[in-house]
Every structure is written in structure tokens, then in C-alpha cells.
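For reference, the chains in residue letters:
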Amino acid sequence: MSASGEASPNHARDPYGDPYDDPYGATYEEPYDEGRGQSTGTLLDTLRVAVVMLDTTGRVLLWSPLAEEVLGWAGEHIVGRRVGGLFGPPEPPGSPGSPGEAIPTIPDPAQAEQILGELLQSGRWDGILSLRHRDGHTVQVETRASLLVDGDGRPFVLASMVETSRLRTLEHDLAALDSLFDSSPLGVAIFDRDLRYVRVNEALAAMNGLPVADHIGHTVVEVLDERSATDLTALQRDVLATGRPVIDLVTYAPHGRGHRSLSYHRLVDRAGRVLGISATVIDVTERVEAATKVERARRRLALLNDVGTRIAGVLDVRRCAEELADAVVPVFSDYSGVILHAEVADGGELPTVPYSDSTPMRQLGTGAVRRGPEVERMIRTGQAISFTRKSIFGTVLTSGQPRMVGSEEELLATTFPGDPKVHAAIALGVHSLLVLPLRARGVVLGLLVISRARDREPFDHDDLALAMELANRAGAALDNARLYVREREGALMLQRSLLPQTVPEPPGVGVAFRYVPGSSGAEVGGDWFDVIPLAGGRVAFVVGDVMGHGLGAAATMGRLRTAVRTLAGLDMPPDELLRRVNDLGDDLAQGQAEGWMATAVYAVYDPSTRRVAIAQAGHLPPVLVEPGAETDECHARLVDLPSGVPLGVGGVRFETTELEVADGEVLVLYTDGLVESRGQDIGEGLERLRETLCRPLTSLEDSCDELLATMEPGREPDDVALLMARLGGLPAGSTASWTFPAEPSAVRLARRRVRDTLVEWGLTPLTDVTVLLVSELVTNSLRYAHGPIGVRMVRGGSLLVEVSDPLPDPPRERAATADDEGGRGLQLVARASRRWGTRHGPLGKTVWFELALP
């Protein structure tokens, strides 16, 4: 108001936060957010309190911007005019009120006069008024007015107005907040910026075990235990600083009593100012315990599956024990040991005599979370285990019932007084022990001993039940491994008995061999080899592999080897021998309905001619190694032969290949176990074999060991049969041969040459019998063959004499009567010689006999 008493136009400055100047010297400031160009998010902004100043006659002296927002009338249209025209219902269309027009009169002047009279009489008035908005609708406001006096003693009216709709919304929000705090089963709290409790509901107070009043104004450090408060304070500070909420964080409750789920959010007003944080707390002890039980059950099932998988396919007692001991550490225990009866460990019979102090027990498998001298003192693979009958070990072995040890006194009673292994366990901090019987078919095979140490929680009855399930499965697996060891040892014994224990070494030939049975994970196979001496210093080498494993394969291998040795004595070519062996299929198989199949390579070497004849039946190619190679070039080569098909298949002819070898050349025959690897092409194994043989072969025995060492490390090999033969010639002057025409003089000439040669060789004592037998055989050739007659003599380990002619039909021995003049030649040869025989050649036949050297 001016000095003249006239109302000033609205002196409120622009809506950018400068104060309003009223004519009575009062200053008011609308809250404002400079960042957003609008009022801040304070409580006043939420309520939208409009301020109006009147004189005692009802004339408007000050009209705030919020009053303009609430009623739509601008200050320049209101200031200096009476407010009566704002009461009552809307004016009909066409009523004045547009900018620059006068405010209409009050439809009901009595209402305004009554309110003003009450105000002037009592000094204050409050109530709800219905005011007309500029656009015609009615706005209800809750109004409070006070009669005040300025510094000059002049009275004026100061009124504040709030829309009732805003008040109801705020009331509803506050009611909802009160309901959340008072009735929510969740723990709810609000913290200020100093992380002090501002408001806490009863649910959270009950969780913390303190009244609500003991929370207000305090931090969690002052309310909760130190360990919980330290973690929560760091968490609250992070939420307050970063604004990143924390949702459903499961932690231990104060003092470790159960579990809680925590959620934190930062509180920010509409102006973006940080007010504090809110917290929601849920007791999730039951949920966590249920989840813990489910997780524990899952881990137990996983442990059972893991142990079952690791020991189910193991067919070696020692390895099965090692896998069992290793599987329970560290997921279930810190240390473990598998102790078995000594006979069970070796694949023997189940224990039949009750356990006593003298029962031999052996520790086969161990597991430990750490290693060191103390651990070695407590558990060591292979050590003998002693105990007394009344000890815990003894009672479990005799009763078959498990024991759970949970005190030092019980630990000292596990084996025998003063046992250093027990004292080592105590020194390692072992405080909980399970001693479990390993049973199979109602018989206790041994013990599974598992323990926990130091800070790990002790075993409980649930752990004992799980451990017994493990022990029962392990007992069955160990018994299966024991039975397999027995069967495998029997098959291996049969196979070894059917293989040659020693091999002959004819003159000019050096031999080395190896047989390696398959590992414990595989059954005994049908690999075999043989060295067969033949007439005339010749020698046959054979290596074969019967398909399949076990006793059946070993038995078939024995029959096959016998058949080859028998047919080799008939001195037939290699391809013919393989054909005849193949024709024996029904006899070599275990039964008429059971098929069989085998691969083989058969070679015959004649040291007098340095020629080798080879045929193979689906087998891997032999290797020939040249002697004395002084260059870097590899002189080991795979012999290129027709591969043929395995024995037992049929339908394909076998072929013989003849090779001339140098003196000292090495022939290598082998089975696929030497070069075959899972996941690797067999060509790589053959190349590895060839490269190994390129090294200098100083000793056949050492070379065999080197070849076995080339097998892929860490794999479970199949059976391996390996045969190496250094092929040399006979000493000079050890052979003599002649060819005679089919004339009567051939007998006389043959006798003379034979006699002279025997004298030269120093074999005079053999002259008479040798000359007699040669005369008989040459005479038979003259009578039936009518072609050139060959005579050959070889001095080696015995004296060999061969008579050949072009007639392919072999001579037949017949029983001559007393009146017959002939027919006794072959009878004489058979009786006078150590052995004799006939073999076929490409141009006829050869009849031979051997005489022992004097």
C-alpha cells in the first residue's frame, strides 16, 4: 500500500525467487529450484500454500503467485479490489472478469461480511471456502486468516490457503506410510544422512530385540552387535554415497541368530537433495534353512554320483581304493584312507577267519587336503595297519557297524595305545572321525576312514548316513574289482602257459621277444608269438592277435598256436599254411555257433640262402631294418605285402612274398597294441615305430624295451606281442649242393660227394648211415621222377640232407612183406633219421631227413 493508503499494484517481483515486498514491510519468499525453473520439492511445494494480504475492509493488498496458480486470477486484476466476488457459484457466460475488467460483486455479501466480522472480533478465522476459479469452476481451499498489526499500528489480515484435494492426498500418503510402519510384518526403517534411525516400526524393533525408542537417533553401531554393525555401516554408506540400491541381500542376523534379507534405497526429494536411506528387513531364516537343506541334499547326491562314477568302471582293487579315497577329499572330509584285508588287496578269497590283532591289513588309498611329514605319518599308501581287537577299528571290523569319533579320548582308542599315526592326526587338528566298514556279500573287506580337522564342522548323523551309503557302494565296487583280478590272473596264467617260455635260436639267427599283457582296465587279450625251427636250419616266425578278450580269447589263441606249429612241421609255404589254418575255423572257435577272427603274419627264413618268405592275414606290416647304416637316413622300412584278410573271414586268397635280406638285417613283427592309440591314426603309430627303429640297434633286448617305451604314456594299453629277429647266414662252408642227371650213375656220384663232404666237415661217424639213406632217396627219384636230381647238405645244429626231383607227388611209405624185394627205402629213412619229411616247391618236391651230430 502506498503512503496515501492506496493499494499498490502487485509488488511481487518476477517469478525467479526475488522477495515479495508488501506495503507493511513484510518479506516473503517462494521456494524455488534454480536448476529446474520451478518450485522445489519441499513440503510447502507439495501443499501449495497461497498467501493473501487484506486490509480490514476486505480489499486485497498482496496476491502471491501461488494464489494466482490456485484460482487463476492474476495479481494486477486482484490487488486493490475486494475479494467478495470470488465466493459462490460460477457466473453465467458473458460475466465480466476478463483482464482489465472490474471484479463482479459478491452474490452473497453477507458471507464475506460475516467472515470479516468474525476475524476482526476474534483476531483469527479458519475454515473451508468455495472459491470461483477464473475459468468458472469451484475450488475448495482450507483457509487460515489472522489479524495482525504492522509497525505503525495499522491492522491487516494475513491469510493462507491450501487446496483441500492436496491435503487429502497428503493425508492419504501419510496414512499409508503409517500403515506401512505400524502394520507391516516387514522390518522398516528410515535413516537420515548421518545414518541415524529416524523412524522404525515395531517389526524391526522386535527383530533387533530393542524398543522403538532405543533406535531413534542412534546408528546401527549403537544398536546391533559389532560384527553385524560393521558390515551394515559400510553397506549403508555405499548406498548413501552412490545411490545404488541393495535388494534382497541375505546376511546373518545379529549375534548369528538366523538370517535376514536386507534391501536399502537412497531417499531423494523432488529437488534431488539426498535425505537419507530407507531399509526393509525380512526374516528369511526358514527360507535359508530350507535352501540349505536342498543345497546340502544336492551336494550329497552329487558326491554319491561322483564316487559311483569314479569307482564303477575301475577293475583294479588298488586303483579303486585310490579313487574312493581321493573322491571324498575335500568335498566331504579333510583326510581319508581305505584299509583292506591283505588277501582282498591281492585278489584273493573273502576273509573267512574273524579279524584279530594279527590280521594283516594294508592301506591302499589315501586322500589329504595338504601334504607334509605329519600327513605321511598319519596316512601313507601301502603301509601296514595294526589294531587291537577292542579298539574302534577292531570293533567295526568284527561287528560291521560304523563308529563316529568326536573326542580326543576316542581318537586315542581307534587302533592301539601309542600309535604314532593317531598322535600325528591329533597334531594335524583332526577332531572328528568316521570309521566305516566296507562290506560285500555280508563280509567286511576293510575300512573307510575319513576325518575332519581344525575349523571344519564335525560330522553329524546325516554325514554318517551319507558316508555309509558311500561305503556300501565302495564295498561292492571293491569286491567286483577283486573278482575281476582273480579272473584276469587266471586268464593271464592260461595265456602265459600257452605262450613259449623260451625260443630256439638256429645258427645265424638272433631272437628277442616281449609279451606285455593289457593294463588292469582291460581283460587279457589273444596276442601271441612263436619261433618254430624247421628242417635245414630254417626257422619260422609268427605273430598273431585273436580278436576279443578274456578266457575265450586266450583259449582260442592256444588252439591257433598249436595249429600253426603243427602245420609248420609239414614245411609248407606261408600262404598255404594260413589257408589251412583258416579252414580250421570251426575247430578253433569255442562252439559251432560262435565265430572267430584273428590276424597273423607268418615268415620263414632260410639262413643258407638268406631269403625270407612272408604271408599275412589282415595283420600290420612287418618292419625290416638294414644293418650298419652310417648315414642319417633312416633304414627301417615297412615291408609292402598283400594284406589279406583276417583268419576266420575267408573268401580271399593269401599270398606269399619272398625277399632277399642282407646279413644282419632285423625283422620286426608286432601286434597293434604297440602302435595303436585312441584318437590317433594308426599311421602315426607306425611312423613312430619306424623312427624308433632308425636308431642304432646294438642289442635286440634293448631295442625291445625302447619300442615298448614309445607307446603313448598314460593310456591303458592293449596286449602287446613283439618279436625281433636278426637274420644272418650260416658260417662259410656249412652247405653243399649238387645236381645229377636222371641216370644210373647218379646214385654212385651222390654217394661219393656225400662221403667226401662228411670227411671234410669232420663228420666221419655219420658217413655210413648218411650214404645209405641218400642212396635210397636218389634211387626212388631215378625210378619215378625221370628228371634232374638235386642233393643238398646243410651243417647246422644237426645234419640236414635234402633230395629233390621234379615229380610233385610225395613218396608214400608202405609196409613191405618179407617176400618183397623193395618198398623199404622210406622205412629205412624214418628209422635211421631223427626226423624226416617232404615239402613242395615250385618245381617239384623235396624229401629231407635230419641226423643228430656226433
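Treat the numbers as computed from the prediction; the structure is a model and nothing was measured.

Colleague: When you look at the sheet that holds strand 33 (residues 844-851) in this model, what are you seeing that I'm missing?
Modeller: In sheet architecture, strand pairing relies on hydrogen bonds along the backbone and comes in two forms, parallel and antiparallel. Taking strand neighbours across the sheet as the criterion, the five strands line up as 29-30-31-33-32 in an open arrangement whose pairing is antiparallel. Strands with a single pairing partner mark the edges of an open sheet, and in this sheet they are strand 29 (735-740) and strand 32 (835-841). Neighbour-to-neighbour, the strand axes of the sheet open up by a mean angle of 15 degrees, direction not taken into account. Relative to strand 30 (residues 789-795), strand 29 runs antiparallel, the two being bridged by six bridges. Of the residues in strand 30, the one forming a bridge with Ser737 is Arg792. Where helix 22 (residues 745-761) meets the sheet, its contacts fall on strand 29, strand 30 and strand 31 (799-805), and the angle it forms with strand 29 comes to roughly 170 degrees.

Colleague: Got a minute to help me understand the pairing of strand 8 (residues 187-192) in this structure?
Modeller: One face of the sheet, then the other: side chains in a regular strand alternate in exactly this way. Looking at chain direction, strand 8 and strand 12 (residues 274-283) are connected through six bridges and run antiparallel. Bridge pairing in strand 12 links Val188 to Thr280. Strand direction decides the pairing type here: strand 8 and strand 9 (residues 197-200), joined by three bridges, are antiparallel. The partner of Phe191 across the bridge, within strand 9, is Tyr197. Between the end of strand 8 and the start of strand 9, which pair antiparallel, lie four residues, with Leu195 showing a positive phi angle near 60 degrees.

Colleague: Sorry if this is basic, but what is going on with the confidence of the model for the protein chain here?
Modeller: Detailed reading of predicted coordinates is not advised where the pLDDT is low. Of the residues in the protein chain, 84% have a pLDDT of 70 or more, and the chain-wide mean is 82. Per-element mean pLDDT across the protein chain ranges from 36 in strand 2 (residues 27-28) up to 95 in strand 16 (residues 403-405). Between residues 1-40, whose pLDDT stays under 50, and residues either more than four places distant or in other chains, the model counts 64 contacts. For residues 89-107, every residue scores under 50 in pLDDT, and the model assigns this stretch 32 contacts once sequence neighbours within four places are set aside.

Colleague: Help me out: how do you make sense of unusual backbone geometry in this one?
Modeller: When glycine is set aside, most residues are seen to have a negative phi, and most peptide bonds are trans. In this chain, Val329 is followed by Pro330 through a cis amide linkage whose omega measures 0 degrees. Within the secondary structure, Pro330 is located in the loop between helix 10 (317-327) and strand 13 (335-341). Positioned with a positive phi, Leu195 is a non-glycine residue whose angle comes to about 60 degrees. Structurally, Leu195 can be placed in the loop between strand 8 and strand 9. Residue Leu195 is classed as buried on the basis of its relative accessible area, which comes to 9%. The phi angle at Asp571 is positive, at roughly 55 degrees, despite the residue not being glycine. Residue position: Asp571 is located in the loop between helix 17 (551-568) and helix 18 (574-583).

Colleague: Is there a simple way to think about the sheet that holds strand 15 (residues 384-385) in this case?
Modeller: The strand order 15-14-13-18-17-16 describes an open sheet built from six strands, whose pairing is antiparallel. Each edge of the sheet is formed by a strand with only one pairing partner; in this case those strands are strand 15 and strand 16. Taken together, the two bridges between strand 14 (residues 361-368) and strand 15 define a ladder with antiparallel strand orientation. Residue pairing across strands places Met361 opposite Ile385, the latter belonging to strand 15. Running over the sheet, helix 10 touches strand 13, strand 14, strand 17 (430-440) and strand 18 (443-453) and is turned about 40 degrees from strand 14. Along the sheet, helix 16 (residues 461-498) contacts strand 13, strand 16, strand 17 and strand 18; its crossing angle with strand 17, the most-contacted strand, is approximately 40 degrees.

Colleague: What should I look at first to understand the nonpolar core in this one?
Modeller: When a protein is soluble and globular, its nonpolar side chains tend to lie buried together. Formed by 53 residues in total, the largest nonpolar core has its most connected members in Phe541, Leu560, Val564, Leu577 and Tyr602. Per-element tally for this core: the top contributor is strand 22 (residues 598-606), with seven residues. The residues contacting Leu560, other than those within four sequence positions of it, are Trp528, Val546, Val581, Leu588, Trp596, Ala598 and Leu647. In terms of nonpolar packing, the next biggest core, distinct from the first, is built from 39 residues, Phe332, Leu438, Met468 and Leu470 among them.

Colleague: Quick question: what am I supposed to make of the pairing of strand 13 here?
Modeller: With respect to burial, strand 13 is a largely interior element, seven of its seven residues being buried. Looking at chain direction, strand 13 and strand 14 are connected through seven bridges and run antiparallel. Considered in strand 14, the bridge of Val338 is made with Gly365. Relative to strand 18, strand 13 runs antiparallel, the two sharing six bridges.

Colleague: How should I be thinking about helix 8 (residues 226-242) in this particular structure?
Modeller: The periodicity of an α-helix, 3.6 residues per turn, causes residues three or four positions apart to be oriented the same way. Taking 1.5 Å per residue as the helical rise, helix 8 with its 17 residues ought to reach 24 Å, and the 24 Å between its terminal C-alpha atoms agrees with that figure. Taken residue by residue, helix 8 has Ser228, Ala229, Leu232, Thr233, Leu235, Gln236, Val239 and Leu240 as its buried positions. Its buried side turned inward, helix 8 meets strand 8, helix 7 (220-223), strand 10 (246-252), strand 11 (259-268) and strand 12. Gly243 occupies a position one or two residues after helix 8 and carries a positive phi of about 80 degrees.

Colleague: Explain the environment of Ser699 here, please?
Modeller: Tracing the chain through its elements places Ser699 in the loop between helix 20 (682-693) and helix 21 (700-709). Separated by 27 residues in sequence, Ser699 and Arg726 place their C-alpha atoms 9.9 Å apart.

Colleague: Can you help me understand the pattern of salt bridges in this one?
Modeller: Any two side chains of opposite charge can pair, given that their charged atoms come close. This model, assessed by the stated rule, comprises 39 salt bridges. Across the pair Arg310 and Asp326 runs a salt bridge whose closest N-O atoms are separated by 2.6 Å. Pair noted here: Arg310 is in helix 9 (residues 285-312) and Asp326 is in helix 10, with a separation of 16 residues, a long-range link. Residue Arg310 is classed as partly exposed on the basis of its relative accessible area, which comes to 26%.

Colleague: What's the story with the packing of aromatic side chains in this structure? I'm lost.
Modeller: Each aromatic ring pair is specified by the distance between its two centres and by the angle formed by the two planes. Overall, the coordinates contain three aromatic pairs when judged by the stated rule. Seen from their ring centres, Phe332 and Phe459 are 5.6 Å apart, and the 45 degrees between their planes marks the pair as tilted. Within this pair, whereas Phe332 is found in the loop between helix 10 and strand 13, its partner Phe459 is found in the loop between strand 18 and helix 16, the two being separated by 127 residues in sequence. Relative accessible area serves as the criterion here: at 4%, Phe332 is assigned to the buried category. For Phe459, a relative accessible area of 7% puts it in the buried group. Sitting above the plane of the Phe332 ring, Arg452 keeps its charged end 5.2 Å from the centroid.

What counts, and where the lines are drawn
- Starting from 1, residues in each chain are numbered consecutively following that chain's sequence as written.
- With pLDDT at 70 or above as the cut-off, local features in this predicted model cover only qualifying residues; side-chain atom pairs require 80 or more to be listed or tallied, and sums for whole chains, interfaces and linings still use all residues.
- Heavy atoms from the whole structure form the basis of all side-chain values; hydrogens and water molecules are not counted.
- In this scheme, strands are said to pair when DSSP sees at least two bridges between them.
- Numbering of helices and strands runs from the N terminus; a helix is a DSSP stretch of H or I covering at least four residues, while a strand is a stretch of E covering at least two.
- Angles shown run from 0 to 180 degrees and are taken between the N-to-C directions of axes, each axis being a line fitted to C-alpha atoms and, for helices, limited to the stretch in contact.
- The contact rule is simple, with two residues in contact once any of their heavy atoms fall within 4.5 Å.
- The predictor rates its confidence in each residue with pLDDT, a number between 0 and 100.
- Note on exposure labels: buried denotes an accessible area under 20% of the residue type's maximum, exposed denotes more than 50%, and partly exposed covers the range between, all computed with a 1.4 Å probe on protein chains only.
- To form a nonpolar core, buried Ala, Val, Leu, Ile, Met, Phe, Trp, Tyr and Cys residues must be joined to one another through side-chain atoms within 4.5 Å.
- By this rule the span expected of a helix is its residue count minus one, scaled by 1.5 Å.
- Definition used for salt bridges: Asp or Glu carboxyl oxygen within 4 Å of a side-chain nitrogen of Lys or Arg.
- Each pair of aromatic rings taken from Phe, Tyr and Trp, with Trp reduced to its six-membered ring, is defined by centres within 6.5 Å and is described as stacked if the planes are under 30 degrees apart, edge-to-face if over 60, and tilted in the remaining cases.
- Note on criteria: charge over ring means Lys NZ or Arg CZ within 6 Å of the ring centre, with the direction from the centre no more than 35 degrees off the ring normal.

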